[in-house]
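Coordinates in review
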Amino acid sequence: MRATHRFPAVNFLRLPLAAAITLAVALPAHAVLEEIVVTATKREESAQDIGLSITAFNERDYRELGGGDLDRFAGQVSNVQAYAPGSFLQSVHIRGIGLNEFQGQYDSPVAQHYDEVYISKPWMLARPAYDIQRVEALKGPQGTLFGRNTTGGALNWYTNLPTETLEMTGDAGFDNFERATIQGAVSGPITQELLGRVSFLTKFGSGGPQKNLFTGEEHGRPNIFDLRGQLTWERDNLKVRALVHGGLNKSETIAWKGPGIFNFGAPGFCPQLFTGEVTNNPASCPKYAGFATLLGRPEGEFEPNDKFTINQNTPPKVDDTFYGGFFRFDYDMGWATVTSITSYEYYERNHREDSQSDIFDSTSTHYYNTIDSISQELRLTGEFTDSWRYVAGLFYESDELDQVDGSNLSGQPLPGVVPPFADQFFAELSNDVESVAMYFNQEYDFTEKLTVIAGIRYTQDSTKVNGIAGLGQLPLVGDEDYSTHCVITTFEFAAYAADTGPFCTPAFLTATGAFGPAVTLPPNGGYFTDNRTDSNVSWKLGFEYKALDNWLVYGNLTTGYRSGGYSVPFAGAATTFSPETLFAQEVGIKTQLLDDTLRINAAVFRYDYDDVQVNVDDPVSPLVPITRNIGKQITKGAELQLDWVPTDNWFVRQNVGYLDSRYENTSRAISTYAGIIPLEGKRPVNSPEWTYSGVVRYQQPIFDGWDGILMTDYRWVDDRFLEATNQVFDRANAYWVVNARGAIASQNGQWEVAVWGKNVFNEEYLTYINNIGFFKLDIFGEQRSYGMNVRYKFD
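Residues numbered from 1 in each chain as written. Predicted model: local features only at pLDDT ≥ 70, side-chain atom pairs only at ≥ 80, totals over all residues. Heavy atoms only, no water.

**A few points about unusual backbone geometry**
Stated precisely, the cut-off is as follows: Labels follow the DSSP assignment, with helices taken as runs of H or I lasting at least four residues and strands as runs of E lasting at least two, numbered in each case from the N terminus. In this scheme, a residue with accessible area under 20% of its type's maximum is buried, one over 50% is exposed, and one in between is partly exposed, where area comes from a 1.4 Å probe on protein chains only.
A positive phi is found at N79, a non-glycine position, where the angle reads about 60 degrees. Checked against the element boundaries, N79 lands in the loop between α3 (70-74) and β4 (80-83). Positioned with a positive phi, E116 is a non-glycine residue whose angle comes to about 70 degrees. Overall, the relative accessible area of 11% leaves E116 in the buried class.

Have a look at this one:
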């Protein structure tokens, strides 16, 4: 078993701060920290002047932190867990709140916006993020200004605008897995008032970071193309911006590891499942497809032990199409500015995978979604007086989602044994959402030092679902009908086998966790149609107190809301879930010291979370997680961010996060390999108690006109659970990831040549777990890679 990295909590609070202050006193200071202007309050302000917990990255930060590696730059934000390396699963958790789910109909409680356009589904963010001007990570409920489903916070992405002078950029890179990325942009004036910008990105290659024994080839080849065009026009008091984009993604995505969980030659779960050994040594037990290893040791029934080696006949692959755009205008009327943003987004998701991670069609799964998303925001930004500012707005969104999911179980390899459960599972649904909202936010300066903020938002969400879920053609033996079959329930899920076969015995049913009365599902499944309307009033009350120059003390009381909806899984019962609400309390401090060379931001917070929506492997749907309201969640935490430029050459960032989060007052219990587990007192998914991360960057002239740049970024994440039941087989051990980058760059900003390494110590760490009734899924972060990039900019 790999060692767990564990550090005394007190060291996290003492060492970075003490070291930075000691060095700051010892070294002369010349440079100052760069100010980043953000729009977290729908108006341009310095991030240090806003009473919010916010971390912002500029264009250079984003590029040097991987230029699109979600987990890498988000790892530099305290109490944020984000994973999406080469995967269609986009998972972002802020302060223990997030979504870790692959099904298409769910909305994340961490909202993401591109140029202030809300992206409603996490899988729509599989499109590449490039030509980025800045990224803002906002923590805590943002419902007053940013609207739908921002219970946990928001990630806001802003693309580069057209420029007033001709500018061309190009960037080409490749890595040791024969993957290449080329991106570029051309920007400049078309007429005196009309500016344009065209940017693109493509990823391609002949290799990948996983080895597939079934094909003898590498897996993980990228195949992405995205194109973006935009125009801006300005005259007098009017600014207009129009943007369109479109692309394709036909990549191979990261494959699951599928450790075996059953005994060899005997019924029941293997002991290694309950010690965590099956994750560390996946071949220690056989898989379910070999269900009766009583009959032998069939090929492919044991997962390769190496974390980056798979053995799959249908490893994950996507075939996505996406396009959209927006039209925006800002008109300054003198006393206020009116802003309109009209957007349309289309995304077609077409994914296939080998859910059971083997060489048979024992659980080959397919996900297909299309979504048409239209949104309109109209807002007024102005001042009643010099000391009284406001933002008022209206918002409308319409999402039309069509979804067809299914799983093929027809390829059971064992002779004489009918396929488990059924040949096919499927679900087909349409899910239409209309959301309308109005909001008002104001800031009033009572004195030169004290500002009070108050905001309110009313939201109404209407959801309509029509769907069908159930079994495909059920297995028959000879001329027998279903009444002659043994119908059992594993986690209350119908399974079919011959009534005289060896797998209808009470011993087998007990060993595999079957319980409850036998049920028979209709062969063609069941239709499900329903609609619901949810409404909510969210509010915010806060203060900002400028105690001294460059010292800001703030406090916020904020509520958040995520709408209710439906789960229509392809292997379970359709269910509905109610809205969740959150009451957040936070106080913080932002300060810059030592002639603006040392920045220290800190916050403490408490969340009271009611009717929490959690994705679980529920008894009515053990194969596909569904959303349930489970009761209350209490979260308490603290954060520290320290930025320091001791000289012109150095930049140092240190981040520390502490999180104590538990489910409370819940009667919900979930089926697991260990039986029924109550959720009371359990920690939410992706809620490590401690996190630590940092960046160290050094830049120095090396010869005439050229600088050398050395940089490392790193993160440590404490033990955490990736299933809500918090069992040994749900645990992900603590890990370190260290990245490095070295570059030479021309001082005029035209050229840069960089070499880099990601996960340079080849840490093996889990990013996702799904423990299903008859198999287990693990996803690991990408193994060590290294490569080179060349960048050129003409202006």
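Now, onward.
**Description of the environment of E101**
Relative to the helices and strands, E101 is located in the loop between β6 (97-98) and β7 (110-114). Note: C-alpha distance between E101 and V624 (523 residues apart in sequence) is 9.5 Å.

**Regarding the state of the cysteines**
Worth spelling out the cut-off: The disulfide criterion is simple: two cysteine sulfur atoms within 2.5 Å.
Tallied over the full model, the rule gives one disulfide. With a sulfur-sulfur separation of 2.0 Å, C270 is cross-linked through a disulfide to C285. Torsion about the S-S bond of the C270 and C285 cystine: about 105 degrees, corresponding to right-handed handedness. Of the two residues, C270 sits in the loop between β17 (238-249) and α5 (277-280) while C285 sits in the loop between α5 and β18 (309-310), which places them 15 residues apart along the sequence. You'll find C270 and C285 in the same group, each marked buried.

**Observations regarding the packing of aromatic side chains**
Filter applied, for reference: Any two rings among Phe, Tyr and Trp, with Trp reduced to its six-membered ring, count as a pair given centres within 6.5 Å; such a pair is stacked if its planes are under 30 degrees apart, edge-to-face if over 60, and tilted if neither.
Evaluated as defined, the whole model comprises 29 aromatic pairs. With a centroid separation of 5.5 Å and 75 degrees between ring planes, the pair formed by F57 and F73 is classed as edge-to-face. Of this pair, F57 sits in strand β3 (residues 54-58) while F73 sits in helix α3, placing them 16 residues apart in sequence. On the accessibility criterion, F73 (2% relative accessible area) is buried. Here the aromatic rings of Y323 and Y346 are separated by 4.8 Å at their centres, their planes lie at 25 degrees, and the arrangement is stacked. In this pair, Y323 is assigned in strand β20 (residues 320-332) and Y346 in strand β21 (residues 336-354), connecting sequence segments 23 residues apart.

**Details of the sheet that holds strand β8 (residues 117-119)**
Spelled out, the test is: Should DSSP find at least two bridges between two strands, the strands are taken to pair. Each axis is a line fitted through C-alpha atoms, and for a helix only the stretch in contact is used; angles between axes span 0 to 180 degrees, taken between their N-to-C directions.
Taking strand neighbours across the sheet as the criterion, the five strands line up as β3-β9-β10-β7-β8 in an open arrangement whose pairing is mixed. Two strands in the sheet have a free side with no partner beyond their single neighbour: β3 and β8. Here the average twist between neighbouring strands, direction ignored, is 20 degrees. Pairing of β3 with strand β9 (residues 132-139) involves five bridges; the strand directions are antiparallel.

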